[in-house]
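Report on the structure
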There are 2 protein chains.
Amino acid sequence: MKNRIITISREFGSGGRTIGKMTAETLGIPCYDQELIEKLSEDSGFTEDYIREQDESSAHKGWFANAFSGRSLNGVSNQDYLWIIQRSIILELAARESCVIVGRCADYILKDAADCLKVFIHAGFDKRAQRIVSLYGETDVPTQKRLADKDKRRAAYYQFYTDTQWGLARNYHVTLDSGVLGIEQCSSLISGLY
Amino acid sequence: MKNRIITISREFGSGGRTIGKMTAETLGIPCYDQELIEKLSEDSGFTEDYIREQDESSAHKGWFANAFSGRSLNGVSNQDYLWIIQRSIILELAARESCVIVGRCADYILKDAADCLKVFIHAGFDKRAQRIVSLYGETDVPTQKRLADKDKRRAAYYQFYTDTQWGLARNYHVTLDSGVLGIEQCSSLISGLY
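Treat the numbers as computed from the prediction; the structure is a model and nothing was measured.

What counts and what doesn't
- Residues numbered from 1 in each chain as written.
- Chains lettered and ligands numbered in written order.
- Predicted model: local features only at pLDDT ≥ 70, side-chain atom pairs only at ≥ 80, totals over all residues.
- Heavy atoms only, no water.
- Least-squares fit on C-alpha atoms with pLDDT ≥ 70 in both.
- Contact = heavy atoms within 4.5 Å.
- Helix = DSSP H or I, 4+ residues; strand = E, 2+ residues; numbered from the N terminus.
- Buried < 20%, exposed > 50% of the residue type's maximum accessible area, 1.4 Å probe, protein only.
- Axes fitted to C-alpha atoms, helices over the stretch in contact; angles between N-to-C directions.
- Parallel < 35°, antiparallel > 145°, perpendicular 65-115°, else oblique.
- Nonpolar A, V, L, I, M, F, W, Y, C, P; charged D, E, K, R; others polar.
- Buried area = accessible area lost by both parts, 1.4 Å probe.
- Salt bridge = Lys/Arg side-chain N within 4 Å of Asp/Glu carboxyl O.
- Polar contact = N/O pair within 3.5 Å; in protein donor to acceptor, adjacent residues only side chain to side chain.
- Pairing = 2+ DSSP bridges.
- Phe/Tyr/Trp six-rings, centres within 6.5 Å; stacked < 30°, edge-to-face > 60°.
- Lys NZ or Arg CZ within 6 Å of the ring centre and 35° of its normal.

1. Section: the relation of the copies chain B and chain A
- Turning chain B through 180 degrees and shifting it by 0.0 Å along the axis lays it on chain A, with an RMSD of 0.0 Å. On the angle and the small slide along the axis, the relation comes out as a two-fold axis.
- Here 100% of the contact residues of chain B are again contact residues in chain A; the copies associate through an equivalent surface.

Spelled out as structure tokens, the structure:
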């Protein structure tokens, strides 16, 4: 029998990562997110900092620019190289154990390979703004721009590698507005479906 | 305090209407769908059959064509006239009592007027095809085309009157894949959030 995986895609500031960790804790299974970056780092030979910098969620450098630059002689960009490694790690994790995987297009990567519950977490602008300011503090960049930039990058990354639109209900088994339902209710609802 | 309303948008064949009725029964509140058509009919002076024929879900005539034809002298099409009546009935229902409303862009109409839980139900093609054939039987039109036509009409209707894309996760508090989760689990999940 295939392992049971929960994949969580999320808008920036929606609490998707927290919901993933909370759900994994309730279910007694691991949650992969930062851990995945470390594993990526080991396997790729890139440093962890470098990968973090290249990642789609980076506020400083765009993955999109990187996808079309920094190409090696065989035409594979660093970003494409990371995608390939990331994909094989996710497939390996899913074959090894039941777990929660946050982000990284895991829903798409595992679509034929695993028994997945595919979740998308989002929230209204005000709730997300409040959350990122309380978690990460204010920066020189206006909150609205920080949110818009990250969402734009995640959407573009998802679209580029999966060829389908980010945030469409039909790509997920469950989508939840964490701003209205609350982080804990979202987590308990997902655990209940496992 | 505002009444608590559940609005359910749904892909054709996803069982959204059944889920709405089941949820309303569990919660002991009314569910408006056919009933709404009747009420529409009474208030508008159109016959019930005529309204059913004009409705976005009609397989025989497109609302879209009607939206741009049959205009009266003041430029309001029959379809627009129905929209206006429908909108006022939904607002009236929401002000009167807690209830479930299936379809009719109720989520959009009530966005500022009521305490709403906004739900979208969808399912994969095979599950929906199976459901419509078992409920309505085979017709001369291939199942794939029946599904595609209805979805297209609903999406266009929603887009036209709400100016936002149909089926985007962020337009709803909860979206559920009834093909994977099952009709009963969807209903009990929604009831649990009420």
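2. Examining the environment of B:L147
Residues and elements named next belong to chain B.
- When you line up the elements, L147 lands in helix α8 (residues 143-162).
- Its relative accessible area of 1% is what places L147 among the buried residues.
- Remark: the alpha-carbon pair of L147 and F12, spanning 135 residues in sequence, is separated by 6.5 Å.
- Ignoring sequence-local partners within four residues, the contact set of L147 consists of F12, F125, R128, A129 and I132.

3. A short note on the packing of helix α5 (residues 78-96) of chain B against α8(B)
Residue and element names in this part refer to chain B.
- Two elements in contact, α5 and α8, have axes whose closest approach is 13 Å; the angle formed by their N-to-C orientations is 75 degrees. Judged by the inter-axis angle, α5 sits roughly perpendicular to α8. Here Q79, D80, W83 and Q86 of α5 come into contact with α8, specifically with Y157, F160 and Y161.
- Across the contact of α5 with α8, the residue classes tally to four nonpolar, two polar and one charged.

4. Regarding the interface of chain B and chain A
- At the junction of the two partners, chain B supplies 21 residues and chain A supplies 21 residues.
- Buried area between chain B and chain A, both sides added, is near 1600 Å², and the carbon and sulfur share of it is 57%.
- Connecting chain B to chain A are two salt bridges.
- The closest approach of N and O atoms between B:R170 and A:E11, which form a salt bridge, is 2.9 Å.
- If you look at where chain B meets chain A, you find 12 residue pairs in polar contact (both at pLDDT 80 or more).
- Here the residues of the side of chain B that touches chain A sort into 11 nonpolar, seven polar and three charged.
- Pairing geometry for strand β5 (residues 174-177) of chain A and strand β5 (residues 174-177) of chain B, over three bridges, is antiparallel. Paired with A:V174 across the bridge in β5(B) is B:L176.

5. Structural notes on the packing of aromatic side chains
- Under the defined criterion, the tally for this structure stands at 14 aromatic pairs over all chains.
- Between A:F12 and A:Y136, the ring centres sit 6.0 Å apart and the planes meet at 10 degrees, which makes this aromatic pair stacked. A residue pair is termed long-range when its members are at least 10 positions apart, and A:F12 in the loop between β1 (4-10) and α1 (16-27) and A:Y136 in helix α7 (residues 125-136) qualify at 124 residues.
- Ring centres of B:F160 and B:Y161 lie 4.9 Å apart, and the angle between their planes is 90 degrees; this geometry places the pair in the edge-to-face category.
- Grouped by ring-pair contacts, the aromatic residues A:W83, A:Y157, A:F160 and A:Y161 constitute a single cluster.
- Lying across the ring of B:F12, B:K150 places its NZ or CZ 4.5 Å from the centre.

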